[in-house]
Amino acid sequence: MALAPTLTFQDHRLQTPSARFSDWLVSCTGSSWAAATEHAFTRAIGDDAMPDAAYVRYLIEDYTFITDLASTIGYLVAKAPTMRSKSRLSAFLALLTSEENNYFERSFAALDVPETVYRAAAQGPVTREFSRLLLESSGKGTYAEGLACLLCAEWVYLTWGLREAKKPRPKAFYLAEWIDLHAVQGFQDFVNWLREEMDEVGSSLTEAQQQQVAQHFQEMCRLEVSFFDAVWAAS
Ligand SMILES: Cc1ncc(CN)c(N)n1
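Predicted model, so just to flag it, every value in this text is computed and none were measured. (Residues numbered from 1 in each chain as written. Predicted model: local features only at pLDDT ≥ 70, side-chain atom pairs only at ≥ 80, totals over all residues. Heavy atoms only, no water.)

K.L.:
Give me the lowdown on the site of the ligand, citing residues and values where you can.
P.N.:
Close to the ligand lie Asp62, Phe65, Ile66, Leu69, Phe130, Ala153, Glu154, Tyr157, Trp178, His182, Glu224 and Phe227. Residue aspartate 62 places a side-chain N or O atom 2.6 Å away from a nitrogen atom belonging to the ligand. Between a nitrogen atom of the ligand and a side-chain N or O atom of tyrosine 157, the distance comes to 3.3 Å. Where the shell around the ligand is concerned, the elements lending two or more residues are α5 (52-79), α10 (143-164) and α13 (207-233). At four residues, α5 tops the list of elements feeding residues into the shell around the ligand. Across the shell around the ligand, the residue classes break down as eight nonpolar, one polar and three charged. (Near = heavy atom within 4 Å. Polar contact = N/O pair within 3.5 Å; in protein donor to acceptor, adjacent residues only side chain to side chain. Helix = DSSP H or I, 4+ residues; strand = E, 2+ residues; numbered from the N terminus. Nonpolar A, V, L, I, M, F, W, Y, C, P; charged D, E, K, R; others polar.)

Written as C-alpha cells, this is what we have:
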C-alpha cells in the first residue's frame, strides 16, 4: 500500500481554500499523476507512433482489466447511496460492456489476435495487482474507497485523452477510437460527475477514512504507471 499522505485534506484546504477533495487526492499522488497522464505510451497513441506489438500487449492486458473494472462498477452500483448515483454508474457499466467491449473485439480482429488468445490470457503481475485492489476496495471496502479507484482510472484516461484529441487522428481506427472514447463529451461528463461524487462523499469522512481513500487513489495511480511501463518496456 502507498505511504500515508503527508498533508491532511483539512491542512490542504488551509493552504488552498478553493481545493476540492478530488484535487487533494491528485496532490497526494506526488509525481505519479504526471507519470501516468504523460506516459510515453499515451503520447505514442496520438502521434501514430505505436508499435503493433506494444498495442497488442496492451489490449490483451487491458481487456482483463476492464473485465475486473466492470465487476468493480457492479459493486459500486450496489453500494451507491442514491438512485442518481446508481443510475450514473450503471449507465457507464452498460457502455463498458457494450460499446467498449465491441471496440476490443474489433481491435483484436484487426490486429490478428484470435479469440482463444485474448479470452484465455493470464493476467500479468501488474494486472493482478490492479485486480486485487479494484475488487477488494469495491467489494470489501467502502463506497468511497472503490469510488476513488474508479475515479483515478477514468480521470487519468480523460487527462491524456483530451490532450491527444488535439492532434490529428492516427490512421489505425483502434488508436483513433481509443482517443475518442476517452475524450468525448459523454466521458468528460461522467468523469466530472465522479469528481463531484467523490468531493461530496470524501468531504464528510473522518480524517482517518480520508487517508484510507487517498491511499487507494495513490495506489491506483502508481499501478496505472506500472501498467503503461510494462507494455511499453519491450518496445
Ligand atoms: C489500466 C486502465 N486504466 C483505465 C482505463 C480506462 N477505463 C483503462 N482502459 N485501462
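K.L.:
So what's going on with the UniProt feature "binding site: substrate" (unreviewed entry) in the protein chain? Which residues, and what values?
P.N.:
In the numbering used here, UniProt assigns the "binding site: substrate" (unreviewed entry) feature to Asp62, Glu100 and Glu154. A maximum C-alpha distance of 13.5 Å places the annotated residues, which cover 93 residues in sequence, within one compact spot. Tracing the backbone shows aspartate 62 in helix α5. On the accessibility criterion, aspartate 62 (4% relative accessible area) is buried. Beyond its immediate sequence surroundings of up to four residues, aspartate 62 is in contact with Phe104, Tyr157, Trp178 and Phe227. (UniProt positions renumbered as here; feature names shortened; annotations may be inferred. Buried < 20%, exposed > 50% of the residue type's maximum accessible area, 1.4 Å probe, protein only. Contact = heavy atoms within 4.5 Å.)

K.L.:
Outline the packing of α5 against helix α11 (residues 173-181), listing residues and values.
P.N.:
Close contact between α5 and α11 brings their axes to 12 Å; oriented N to C, the two are set at 50°. Taken together, the axes of α5 and α11 are oblique relative to one another. Note that α5 runs across α11; the crossing there is left-handed. Facing α5, whose interface residues are Asp52, Tyr55, Tyr58 and Asp62, α11 presents Tyr174, Leu175 and Trp178. Here the residues of the contact of α5 with α11 sort into five nonpolar, no polar and two charged. (Axes fitted to C-alpha atoms, helices over the stretch in contact; angles between N-to-C directions. Parallel < 35°, antiparallel > 145°, perpendicular 65-115°, else oblique. Left-handed = near helix turned anticlockwise from the far one by under 90°.)

K.L.:
Please give an account of the pattern of salt bridges that cites residues and values.
P.N.:
Taken as a whole and judged by the stated rule, the model has twelve salt bridges. Among the ionic pairs, arginine 119 bridges to glutamate 105, the shortest N-O distance being 3.4 Å. Residue arginine 119 is found in helix α8 (residues 115-120), and its partner glutamate 105 is found in helix α7 (residues 99-110); the two are separated by 14 residues along the sequence. Residue glutamate 105 is classed as partly exposed on the basis of its relative accessible area, which comes to 30%. The shortest N-O distance in the salt bridge between arginine 106 and glutamate 177 comes to 2.7 Å. With arginine 106 in helix α7 and glutamate 177 in helix α11, the pair connects residues that are 71 residues apart, well separated along the chain. (Salt bridge = Lys/Arg side-chain N within 4 Å of Asp/Glu carboxyl O.)

K.L.:
So, the UniProt feature "active site" (unreviewed entry) in the protein chain: which residues are in play, and what are the values?
P.N.:
The UniProt record annotates "active site" (unreviewed entry) at Glu224. Along the polypeptide, glutamate 224 turns up in helix α13. Dropping the residues within four chain positions of it, glutamate 224 is found in contact with Ala36, Phe65, Phe130, Ala153 and Tyr157.

K.L.:
Before we move on, could you go through the packing of aromatic side chains and cite the residues and values that matter?
P.N.:
This structure, assessed with the given rule, holds 32 aromatic pairs. Ring geometry for tyrosine 58 and phenylalanine 228: centres 6.4 Å apart, planes at 20°, overall stacked. You can see tyrosine 58 sitting in helix α5 and its partner phenylalanine 228 sitting in helix α13, a full 170 residues away along the chain. Judged on exposure class, the residue tyrosine 58 and its partner phenylalanine 228 are both buried. (Phe/Tyr/Trp six-rings, centres within 6.5 Å; stacked < 30°, edge-to-face > 60°.)

K.L.:
Could you give me a rundown of the environment of tyrosine 118, with the residues and numbers involved?
P.N.:
Within the element layout of this structure, tyrosine 118 appears in helix α8. Sequence separation between tyrosine 118 and glutamate 100 is 18 residues; the distance between their C-alpha atoms is 15 Å. With near-sequence residues (within four places) excluded, tyrosine 118 lies in contact with Tyr63, Glu105, Phe108 and Val113.

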